Amino acid sequence: MPLFGTLELPTATAHLPTLRNLDTEPWSLPKAEILQLALEVSRSTLALLPKALHPAIPSYVTIWVTRYPESPVGPFLLAQLRLMARAGAHPRGFVLRAYASTPEAASALTQRWGLPAAAATVTLKRRHDRVMAQVLQAGVPVLDAALVDPQPISGGDVQYIHSVTLAQAPIDGKTAPWLVQVDPRYTFHKAERGRPEVSRLDGEAWGAPGLTLQNPIACTACTCDTDLPRIRFVMDPDVPVVRGTRKIRDSREAE
Amino acid sequence: MKFGLFYEISVPRPWTRETERTVYNNALEQVKLADELGFDQVWAVEHHFLEEYSHCPAPELFLTACAMVTKKIRVGHGIVVCVPEFNHPIKIAERTATLDILSGGRLEVGTGRSATWTELGGFRSDPDITKKSWDEFVRCLPKMWTQETYSYQGEFWSMPERCIIPKVYQKPHPPMWVAVTSPGTELDAADRGLGSLGLTFGQFAEQEKRIAEYRRRIQLCDPVGDFVNDQVSTVNFLYCNEDDEKARATGRRMADTFNYLASQLISAREAYPSRSYPSLGLLPQLRRQATGPDANEQAGEGLGLGGPERVIRAMKKWEAVGVDRVNFLLNTLEIIPQEDVLASLRLFAKEVMPAFRDSKGGN
């Protein structure tokens, strides 16, 4: 059977976000601008992946930098590094680390969806020949990335993969580590594809010490209406998801 | 109705030097038996880097071995990847002609373009142009096989005038096919007078619609070869046992394992948004069949899993929707013991094949 991640949970739990509960209300996030870069990485990233998940073949990461002009906590930008994987048969992106441009957003995302988010300076700028993203943590750049030479494509050609976060969550009266599925919807208004270019990615700052980016795959910049829905599924991080998945509710909408 | 075998060469971890060899040897033993039992064809895929799912990067070698241990069964490239970084067209023409000679004119040539980033990225191929390069390659191949000398200047490759040798054994040349997974590719096959080598499982209604459109469209084709191959082939799973319940349970385990492995692959579109891959192709369908709402369909009437009567009913339905050939996957990750696989083939030949001997095209 396929390989599994080898992340040793005890070493990770000390830094995990803690969800207040699993009754998170959904957020509507209209007119979001999403820059996504996909790049292959070494198979050694298995050590960053929970044992419940299979690695993608080949291993790859996606860097997401999103501008949310409207949200319940006001406008903010969010940058994420995700290690792409399979939860059973389903493609998923395991969030290694995230940075939000406001403390309010970082706090809410951590407590509601288990995003391992801290506040930082996040920028997303558009030039005629590129879309550029930067993250500064305490004034130090930890990400410089760009989509180079954007060309229009159909939003229908873009497939965004749902995320899973690793967080302490209260279930059955006990707070313990769970993988939390975060599965937004997207309605595309505009999509472009270009060449991914990453001039700086500080692996340590992104929860991936020693990470080396290898083969670039593709990069997209899209404008779409999206959301952060109610939590529907959580998974035991140490057990294959076919055995360790718990359904929290049927509907992703507000009840 | 004709029946054949279809090989991905699925190898379970851990990969010792003996596990790969055992899987290949088992496959060869199955092909030898299938030839004796009257199966019509054996197909082998070309896949690269698809861990556990398919360890078959050089199907022409496996098929040559098949040809050497058999007498009648036809050998099919299912498919050869028509993308420049994978295969140079001259090498395709030379290799296939050699195999056609060695097999005594038993070669069938399936063509395609790969559908995973795992493979396309591995060869640093541009997913945007694979359909175009495939189109160019399939138009060149018949001429390379048949013309005394050949020269070419195209978008993806070129060559000065040379005599490409050897020439194919079959006259005018081997039948050509296209791998069909994404909806619409069957129309590409029809427009070029190529056989439709379906690689999807189940779903009678959808297949019937697509086959009908293929049949309609191929009437007006502009064939790339010297003749029109208007046959429709599809793949299926086979595990036939007198104990219907046991056969279905065992077969279901094989099908689920296959689908689960397939769902681990990165489809081209998942990683690289491109108009060249407008649909997700086979992988999401297999993903649904592995875990989603279609999971029960695997145990349905369309699959060759069960006792002989059940398998006959399934094959009759495929025949009724217009399928000419069904090619079977016999195992995945060797989860079914080899003796049971061989017994399944024998039972199929004894109990199921006779029910199709009087059909059009006869078995």
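Report follows, based on the coordinates. Note that the structure is a prediction, hence the values are computed from the model and not measured.

With respect to helix α8 (residues 244-263) of chain B
Point 1. A rise of 1.5 Å per residue sets the reference length of α8(B), with its 20 residues, at 28 Å; its end C-alpha atoms lie 28 Å apart and thus fit the reference within 8%.
Point 2. Restricting attention to buried positions, one finds in α8(B) the residues A247(B), T250(B), G251(B), M254(B), A255(B), T257(B), F258(B), N259(B), Y260(B), L261(B), A262(B) and S263(B).

Brief notes about the pairing of strand β2 (residues 41-44) of chain B
All names here are of chain B.
Point 1. The side-chain alternation of β2 yields two buried faces, one formed by Q41 and W43 and the other by V42 and A44.
Point 2. Pairing of strand β1 (residues 2-7) with β2, which is carried by four bridges, proceeds in the parallel orientation. What sits directly across from F6, in β2, is W43.
Point 3. For the segment spanning β1, helix α1 (residues 17-37) and β2, crossover handedness is right-handed.
Point 4. The sheet contact formed by β2 and strand β3 (residues 74-81) spans four bridges and is parallel. When the bridges of β3 are listed, V42 appears paired with V75.

Quick look at the interface of chain B and chain A
Point 1. Each side of the interface is counted separately: chain B has 20 residues, and chain A has 22 residues.
Point 2. Mapped onto the side of chain B that touches chain A, the elements with two or more residues apiece are α4 (117-122), α8, α9 (268-271) and α10 (282-291) of chain B.
Point 3. Taken together, the residues of the side of chain B that touches chain A break down into eight nonpolar, six polar and six charged.

So, the packing of helix α11 (residues 308-320) of chain B against helix α12 (residues 338-352) of chain B
All names here are of chain B.
Point 1. Look at α11 against α12: their axes get within 10 Å of each other, and the N-to-C directions meet at 70°. Between α11 and α12, the angle falls in the class roughly perpendicular. The handedness of the crossing between α11 and α12 comes out as right-handed. Contacts between α11 and α12 involve P308, V311, I312 and M315 from the first element and L347, F348, E351 and V352 from the second.
Point 2. When grouped by side-chain class, the residues that make up the contact of α11 with α12 number seven nonpolar, no polar and one charged.

What counts and how
- Residues numbered from 1 in each chain as written.
- Chains lettered and ligands numbered in written order.
- Predicted model: local features only at pLDDT ≥ 70, side-chain atom pairs only at ≥ 80, totals over all residues.
- Helix = DSSP H or I, 4+ residues; strand = E, 2+ residues; numbered from the N terminus.
- Expected span 1.5 Å × (residues − 1).
- Buried ≥ 20, exposed ≤ 12 C-beta atoms within 10 Å, placed from the backbone.
- Pairing = 2+ DSSP bridges.
- Right-handed = clockwise from strand over helix to strand, strands pointing away.
- Contact = placed C-beta atoms within 7 Å.
- Nonpolar A, V, L, I, M, F, W, Y, C, P; charged D, E, K, R; others polar.
- Axes fitted to C-alpha atoms, helices over the stretch in contact; angles between N-to-C directions.
- Parallel < 35°, antiparallel > 145°, perpendicular 65-115°, else oblique.
- Left-handed = near helix turned anticlockwise from the far one by under 90°.

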